[in-house]
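# Reading the structure
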Amino acid sequence: MAPIRVGLIGLSANGATSWASRTHLPYLLSTSKYELVALCNSSVDSAEKAIQHFKLPATVKAYGSPQDLAQDPDVDLAVCATGVEHHFSSLVPLVKAGKDVFTEVPLAMNIDQARELWSLAQQHKVRTMIGMQGQANPAVKVIKNAIESGKIGKVLSTTITGYAEAYTGDPNPESSIHLFQRAQGANMMTVWFLHTFNFILHTLGELVSFDSMLGISHPEIALFDPKDPTKKTQRTITSDTPDQIFLQGKLASNALLSFHMEGGAPFPGEPGLRWHIVGEKGELLITSNMMMMDVLHTSAKVQWLDYSQRAESAVNDVLNDKPQSIPVTELEVPKDELSKVGGMAENVGRLYEAFADGEKEMYADWEVGLRRHELMEEMFQRWDGEGKFGREAEYMKADI
């Protein structure tokens, strides 16, 4: 079968540590299912420099605009790995030209752009994919299979806590200013939450009702010049993006869900993600150093507690303030050929593999992406409209 021919937008010689070079390029250079045939940057000269910098074949074409890339008949799949501020303007001409498209998260800077992109994709009947790796992640597969095989019976509840380390309240480089400006489209909600909550809903099913609370614990953000080794604060801005995200809800299965993502780092020795799933017959406990486990799962640990192995003494252990003497089983997260690619390129590669093989359930398309954006928009609108969570605590007014 002929390889899928790829035009990649956003691989810059000046961004050797960029997402495109760390994730997309390692996979594309390792596979026979795809062929990198074109690069598109802000100018032809920039694209040519990237071709030379990464030692790509001389046959790779250089383009200076998505419009020119869209006219190349040799490109089957266009990949947009730029900042979100360029997504809409890059993707529209590609979709209109009938190219299949793979874009990184978030899909667009705002909900109106995201809706229009999905509408255009349907109109022009192109295949789409968005860079949420949960559907293809081996650790997520192990969790989902454990639930679907009945290991813990009917799911009753789930609790998720974790940390987005970029939002610590410490000074940040000037280049990260967009993370604290909601209008720029890329922030803790639209990146960290989107990645994480997607694989949770993929595993457990959709919400039927929820309440949410967003908060800003670090409103004043100090910025420094990244070229300054002393990291001296150059200026301070006011953040309007949340660094605290709470959500509680009920899933379609009637299971209850509690979620809390916090800006900052976990307590030393504690995981960046702690995901507990309680069922009628057992429990699963998932931990990972990184909350966005779909992006990188090398530290992910999946433990299974089988209630049928629970000894009579377990309840007495708790009543006597002793650790429960119940054996738990660690479920193996298998390795595959993509494990050899390594790092964050692994799960991006698994998306590419699923797309090439037509395994639609193994990747998220723009319809799924838009559904997640609609959830975030609803959370933002509730925050904008109410500004607080829940009803006022009347008990404090009681005459006691």
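This text follows the structure it describes.
Sequence order sets the numbering: in each chain, residues are counted from 1 along the sequence as written. Local features in this predicted model are restricted to residues whose pLDDT is 70 or higher, and side-chain atom pairs enter the listing and the counts only when it is 80 or higher, whereas totals over whole chains, interfaces and linings include all residues. No hydrogens and no water enter the side-chain calculation; it runs on all heavy atoms of the structure.

A word on the pairing of strand β5 (residues 100–103). The side chains of a regular strand alternate between both faces of the sheet. On β5, burial covers both faces: Asp100 and Phe102 on one face and Val101 and Thr103 on the other are all buried. Each pair of strands is called paired provided DSSP finds at least two bridges between the two strands. Think of it this way: any DSSP run of H or I at least four residues long counts as a helix, any run of E at least two long counts as a strand, and we number them from the N terminus. Note that strand β4 (residues 77–80) and β5 share four bridges and pair parallel. Counterpart to Ala78 in the pairing with β5 is Val101. Crossover β4 to β5 through helix α4 (residues 87–96) is right-handed. Here three bridges tie β5 to strand β6 (residues 128–130), and the two strands are oriented parallel to one another. From the neighbouring strand, Thr103 faces β6, where its bridge partner is Ile130. Crossovers are described as right-handed under a simple rule: with the strands pointing away from the observer, the path leading from the first strand over the helix to the second runs clockwise. Of the crossover connections in this fold, the one passing from β5 over helix α5 (residues 111–123) to the parallel β6 is right-handed. Remark: exposure states derive from per-residue accessible area (1.4 Å probe, protein chains only) relative to the maximum for the residue type, with buried under 20%, exposed over 50%, and partly exposed in between.

The subject of this paragraph is the sheet that holds β4. The strand order across the open sheet formed by six strands is β3-β2-β1-β4-β5-β6, and the pairing between neighbours is parallel. In this open sheet, the two strands that pair with only one neighbour each are β3 (61–63) and β6. When the angles between neighbouring strand axes are averaged without regard to direction, this sheet yields 25°. The pairing of strand β2 (residues 34–40) with β3 spans three bridges and is parallel. Among the inter-strand pairings, Leu39 is bridged to a residue of β3, identified as Ala62. The contact criterion used is simple: two residues touch if any of their non-hydrogen atoms lie within 4.5 Å. Geometry is summarised by axes, namely lines fitted to C-alpha atoms with helices restricted to the contacting stretch, and by angles between N-to-C directions that run from 0 to 180 degrees. Sitting on the sheet, α4 is in contact with β1 (4–9), β4 and β5, with an inclination near 165° to β5. Relative to the sheet, helix α9 (residues 345–357) contacts β1, β2, β4, β5 and β6, its axis offset from that of β6 by approximately 165°.

A few words now on the sheet that holds strand β16 (residues 301–306). Spatially, eight strands are ordered β9-β12-β13-β7-β14-β15-β16-β17 in an open sheet, and the strand pairing comes out mixed. Two strands lie at the open edges of the sheet, namely β9 (207–215) and β17 (329–331), each paired on one side alone. Each neighbouring strand pair of the sheet contributes to a mean axis angle of 15°, computed without reference to strand direction. As judged from the eight bridges shared by strand β7 (residues 155–164) and strand β13 (residues 256–263), these two strands associate in the parallel manner. Paired with Tyr163 across the bridge in β13 is Glu262. On top of the sheet, helix α7 (residues 188–204) reaches β7, β9, β12 (244–251), β13 and β14 (273–279); it is set at about 155° to β13, its chief contact.

Here a pair means two rings of Phe, Tyr or Trp (six-membered ring of Trp) with centres within 6.5 Å. Their orientation is stacked below 30 degrees between planes, edge-to-face above 60, and tilted elsewhere. Taken as a whole, this structure holds 10 aromatic pairs when the rule is applied. Measuring from ring centre to ring centre gives 6.0 Å for Tyr27 and Tyr34, while their planes differ by 70°; the resulting arrangement is edge-to-face. Residue Tyr27 shares its accessibility class with Tyr34, and that shared class is buried. Following the ring pairs from residue to residue traces out a cluster consisting of Tyr27, Tyr34, Phe102 and Tyr352. A ring is scored as having a charge over it whenever the NZ atom of a lysine or the CZ atom of an arginine sits within 6 Å of its centre and within 35 degrees of its normal. Taking NZ or CZ as reference, Lys151 lies 4.1 Å from the ring centre of Trp304, over its face. Sitting over the face of the ring of Phe380, Arg182 holds its NZ or CZ atom 4.0 Å from the ring centroid.

Attention shifts here to the pattern of salt bridges. For this document, the term salt bridge refers to a Lys or Arg side-chain nitrogen within 4 Å of an Asp or Glu carboxyl oxygen. By the definition in use, this model includes 18 salt bridges. Residue Glu337 is joined to Lys340 by a salt bridge in which the shortest nitrogen-to-oxygen separation is 3.1 Å. Pair check on accessibility: Glu337 and Lys340 agree, each one exposed. A salt bridge links Asp365 to Lys360; its shortest N-O distance comes to 2.6 Å.

Keep in mind that these numbers describe shape and distance, not what the molecule does.
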